[in-house]
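Commentary on secondary and tertiary structure
Below, each chain spelled out in residue letters.
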Amino acid sequence: MKPSVILYKALPDNLYQKLEEHFAVIQVANLKPETVEQHAEAFANAQGLLGSSETVDTALLEKMPKLRATSTISVGYDNFDVDALNARKIALMHTPTVLTETVADTMMALVLSSARRIVEVAERVKAGEWTKGIGPDWFGIDVHHKTLGIVGMGRIGLALAQRAHFGFGMPVLYNARRHHPEAEERFNARYCDLDTLLQEADFVCLVLPLTDETHHLIGAEQFAKMKNSAVFINAGRGPVVDEQALIEALKTGQIHAAGLDVFEQEPLDKDSPLLSLPNVVALPHIGSATHETRYNMAACAVDNLIDALNGKVDKNCVNPQAIG
Ligand SMILES: NC(=O)c1ccc[n+]([C@@H]2O[C@H](COP(=O)([O-])OP(=O)(O)OC[C@H]3O[C@@H](n4cnc5c(N)ncnc54)[C@H](O)[C@@H]3O)[C@@H](O)[C@H]2O)c1
C-alpha cells in the first residue's frame, strides 16, 4: 500500500500526478484546526506533509502520529517547530537554491524602485500629473557605485552581491555569522560588524532567516545608526525588523526610504502606516513569485518528499542529524 500524504497547497497537474504515483494523496485547503478536525482520519494516517506557509506546531503534529517527513515549498522554515520535529525524528525538507536568483532579482528591484521612486512616479504619470517637463520633485537618488550592505550573506545574499558588484559597480559590505571567502574573492565584499555596516552602507539589505537570534535584530537603535540617506531593504522575514521603529525612522527622516517584501503580519494590514508613506515600496511577499521559480520550487518539494519517505535525506534536508 502506498504511504498517505497530506497536500495543503495546489500543485501543477503533472506534479500532482507524480505525487500520486508514489503516495495516496489527500488534498486539504489548509492546516487550520477545523480542517484537521474535518479530515481527522487522513491526518492520523499521514506519513508525509507537503505545502507551504502554514504553521506546523506541536498541536498539529499531535494529530499526525505516523508522520515521517514534511516538505515545505520554501527555503525559510520558521513556521515549523523544528525541535518538535527533531524529537519525533521527522524529516524537514525545503527548497534552497532553486529560488536564489529570483529572490536576488526581487531585492535588486526593491533597491532600484526605492531609490528611483519608480512606483511613486509611475503612479503620478498614470494620474495625469506629467503635464510639463519634470523637476526635482520627480528625482530619485543614484544606485550605481553606492555602497550596498548585505545582512545575511547566504545563498541569496551572494546572488545579490553578484548583481551589485558586476551590474552596478557597487562596493559590497556584509555581515553574517561567518566570513564568506567566496563573496570576498568574487565580489570584493568586505566583512564588517553590524554597526559598521549600518553606518557605512547606502543600501542596507536584509536577507536573514527568522530565528530567536534574528527576531527584531533591527530596531530603533539600529535605524539611528544608519545614514539619513540610507535605503532599507528587507526580503528575509518581517519579524527580523521592529516595524514600529521602521515606521518612525521613515516618518522622521532618520532613513530615506524602504523597500519591503516581508512584514511582521502578512498580509499587511490595509491601515498600516507603511502604505501611506510615499518613501515605501511594499510588495506582497513576491520574492520567489515567478511562474518558473514557483514551478521549480514545487517540483523540488515533491522530489524532496519522495526522497525523504524513501529514507534519502542527503539533499535539501534541514535536520538530517535528527533523523539518525
Ligand atoms: N521574500 C521572499 O520571498 C523570500 C524567499 C526566499 C527566502 N527568503 C528568506 O531569506 C532567508 C535566507 O535565504 P537563503 O537561501 O539565502 O538562506 P541561507 O541559509 O543560505 O543564508 C542565510 C544567511 O543568514 C546568516 N545568518 C543567520 N543568522 C544570522 C545572524 N543572527 N546574524 C547575521 N547573519 C545571520 C547565515 O549565516 C547565512 O549566511 C530565508 O531563510 C528566508 O527567510 C525570503
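Residues numbered from 1 in each chain as written. Predicted model: local features only at pLDDT ≥ 70, side-chain atom pairs only at ≥ 80, totals over all residues. Heavy atoms only, no water.

Note the cut-off: UniProt positions are given in the numbering used here, feature names are shortened, and annotations may be inferred rather than shown by experiment.
The name given to the protein chain in an unreviewed UniProt entry is Glyoxylate/hydroxypyruvate reductase B, with the source organism recorded as Superficieibacter electus. According to the UniProt record, the Function (unreviewed entry) comment for the protein chain is "Catalyzes the NADPH-dependent reduction of glyoxylate and hydroxypyruvate into glycolate and glycerate, respectively." Recorded in UniProt under Subunit (unreviewed entry), the annotation for the protein chain is "Homodimer."

**A look at the sheet that holds strand 2 (residues 24-27)**
What links the strands of a sheet is backbone hydrogen bonding, and the strands pair in either a parallel or an antiparallel sense. The following threshold applies: When DSSP finds two or more bridges between two strands, those strands count as paired. Here a strand is any run of E in DSSP of at least two residues, a helix any run of H or I of at least four, and the numbering for each starts at the N terminus. To obtain an axis, a line is fitted to C-alpha atoms, over the contacting stretch when the element is a helix, and the angle between two such axes runs from 0 to 180 degrees between their N-to-C directions.
Taken together, the five strands give an open sheet; going across it, the order is 2-1-3-4-5, and neighbouring strands pair in parallel fashion. Both outer strands of the open sheet, strand 2 and strand 5 (91-93), are each paired with one neighbouring strand and no more. Neighbour to neighbour, the strand axes of the sheet diverge by 20 degrees on average, direction disregarded. In this structure, strand 4 (residues 69-72) lies alongside strand 5, joined through three bridges in parallel fashion. Bridge assignment links Ser71 to a residue of strand 5, and that residue is Met93.

**Here we look at the UniProt feature "domain: D-isomer specific 2-hydroxyacid dehydrogenase catalytic" (unreviewed entry) in the protein chain**
UniProt's entry tags residues 6-319 with the feature "domain: D-isomer specific 2-hydroxyacid dehydrogenase catalytic" (unreviewed entry), counted in the numbering of this structure. Each end of residues 6-319 is marked by a C-alpha atom, and these two atoms are 20 Å apart; helix forms 39% of the span and strand 13%.

**Focus on the site of the ligand**
Put simply, the test is: Here a residue counts as near a molecule or strand whenever at least one of its heavy atoms sits within 4 Å of it. Polar contact is the term for a pair of N or O atoms within 3.5 Å; when the atoms are in protein, one must be able to donate a hydrogen and the other to accept it, and sequence-neighboring residues count only if both atoms are side-chain atoms. Using the Shrake-Rupley algorithm and a 1.4 Å probe, accessible areas are obtained, with residue cover drawn only from the displayed protein chains.
Lining the immediate environment of the ligand, one finds 25 residues, of which Arg155, Ile156, Ala235, Asp261 and His285 sit closest. The backbone of Gly154 places a nitrogen or oxygen atom 3.2 Å from an oxygen atom of the ligand. Within the backbone of Ala235, one N or O atom sits 3.0 Å away from a nitrogen atom of the ligand. Considered on its own, the ligand offers 870 Å² of accessible surface; in the complex 89% of this is hidden by protein.

**Points about the sheet that holds strand 8 (residues 190-191)**
For clarity, the cut-off: Contacts: residue pairs with any heavy atoms within 4.5 Å of one another.
Judged by pairing direction, the sheet is parallel, and its seven strands sit side by side in the order 8-7-6-9-10-11-12 without closing on themselves. The sheet is open, and its two borders are formed by strand 8 and strand 12 (280-282), each paired with just one other strand. Along the sheet, helix 8 (residues 155-168) makes contact with strand 6 (148-151), strand 7 (172-175) and strand 9 (203-206), crossing strand 6 at roughly 175 degrees.

**A look at the pairing of strand 6**
Note the following rule: Categorising residues by exposure relies on relative accessible area from a 1.4 Å probe, with only protein chains included: less than 20% of the type maximum marks a residue as buried, more than 50% marks it as exposed, and the intermediate range marks it as partly exposed. Handedness is read with the strands pointing away from the viewer; a crossover is right-handed when the path from the first strand over the helix to the second is clockwise.
By the alternation rule, side chains of strand 6 split into Leu148 and Ile150 and Gly149 and Val151, which are all buried. Where strand 6 lies against strand 7, four bridges are found, and the strand directions are parallel. Pairing of Leu148 across the sheet is with Val172, part of strand 7. Handedness of the crossover joining strand 6 and strand 7 through helix 8: right-handed. The pairing of strand 6 with strand 9 spans four bridges and is parallel. Opposite Val151, over in strand 9, you have Leu206 as the bridge partner.

**Quick word on the nonpolar core**
We count it as follows: We define a nonpolar core as any set of buried Ala, Val, Leu, Ile, Met, Phe, Trp, Tyr and Cys residues linked to one another through side-chain atoms lying within 4.5 Å. Boundaries of every domain are those given by an automatic assignment or by a domain database.
By size, the foremost hydrophobic cluster in this structure holds 54 residues, and its most contacted members are Leu11, Leu19, Leu50, Leu148, Ile150, Met153 and Phe203. Counting residues per element, this core draws most heavily on helix 13 (residues 291-309), at nine residues. Composition of this core by domain shows at least three residues from each of domain 1 (4-97 + 292-322) and domain 2 (99-282). Setting aside residues up to four positions removed in sequence, Leu148 forms contacts with Val111, Leu160, Ala164, Met170, Pro171, Val172, Leu173, Phe203 and Cys205. Counting 29 residues, the second-largest nonpolar core is a separate cluster that includes Leu208, Val241, Leu277 and Val280.

**Quick look at the domain arrangement of the protein chain**
Inclusion rule: Accessible surface is computed with a 1.4 Å probe, and the buried area is the amount of it that two parts give up when combined, taken over both parts together. Salt bridges are defined by distance alone: a side-chain nitrogen of Lys or Arg within 4 Å of a carboxyl oxygen of Asp or Glu.
Parsing the protein chain into structural domains produces domain 1 (4-97 + 292-322) and domain 2 (99-282). Taken over C-alpha atoms, the centre of domain 1 sits 32 Å from the centre of domain 2. The partner domain 2 presents six residues to the nine residues of domain 1 that form the contact. Summing both partners gives a buried area of about 700 Å² for domain 1 against domain 2, and 54% of it is carried by carbon and sulfur. It is Asp78, Thr97 and Thr293 in domain 1 that bury the most area against domain 2; as a group they hold 61% of the surface buried on that side. Summed over the shared surface of domain 1 and domain 2, the number is one salt bridge. Here Asp78 ties to Arg237 by a salt bridge, and the two come within 2.8 Å at their closest N and O atoms. Run the count over domain 1 and domain 2 and you get four residue pairs in polar contact (both at pLDDT 80 or more).

**Some remarks on the packing of helix 1 (residues 13-22) against helix 13**
This is how it is decided: Note on angle classes: values under 35 degrees are labelled roughly parallel, values over 145 roughly antiparallel, values of 65 to 115 roughly perpendicular, and the remainder oblique. Residues are grouped as follows: nonpolar covers Ala, Val, Leu, Ile, Met, Phe, Trp, Tyr, Cys and Pro; charged covers Asp, Glu, Lys and Arg; every other residue, Gly included, is treated as polar.
Between helix 1 and helix 13, the least distance of the axes is 10 Å, while the angle of their chain directions is 0 degrees. By the criterion of interaxial angle, the relationship of helix 1 to helix 13 is roughly parallel. Across the interface between the two elements, Asn14, Leu15, Lys18, Leu19 and His22 of helix 1 pack against Tyr295, Ala298, Ala299, Val302, Asp303, Leu305 and Ile306 of helix 13. Considered class by class, the residues forming the contact of helix 1 with helix 13 number eight nonpolar, two polar and two charged.

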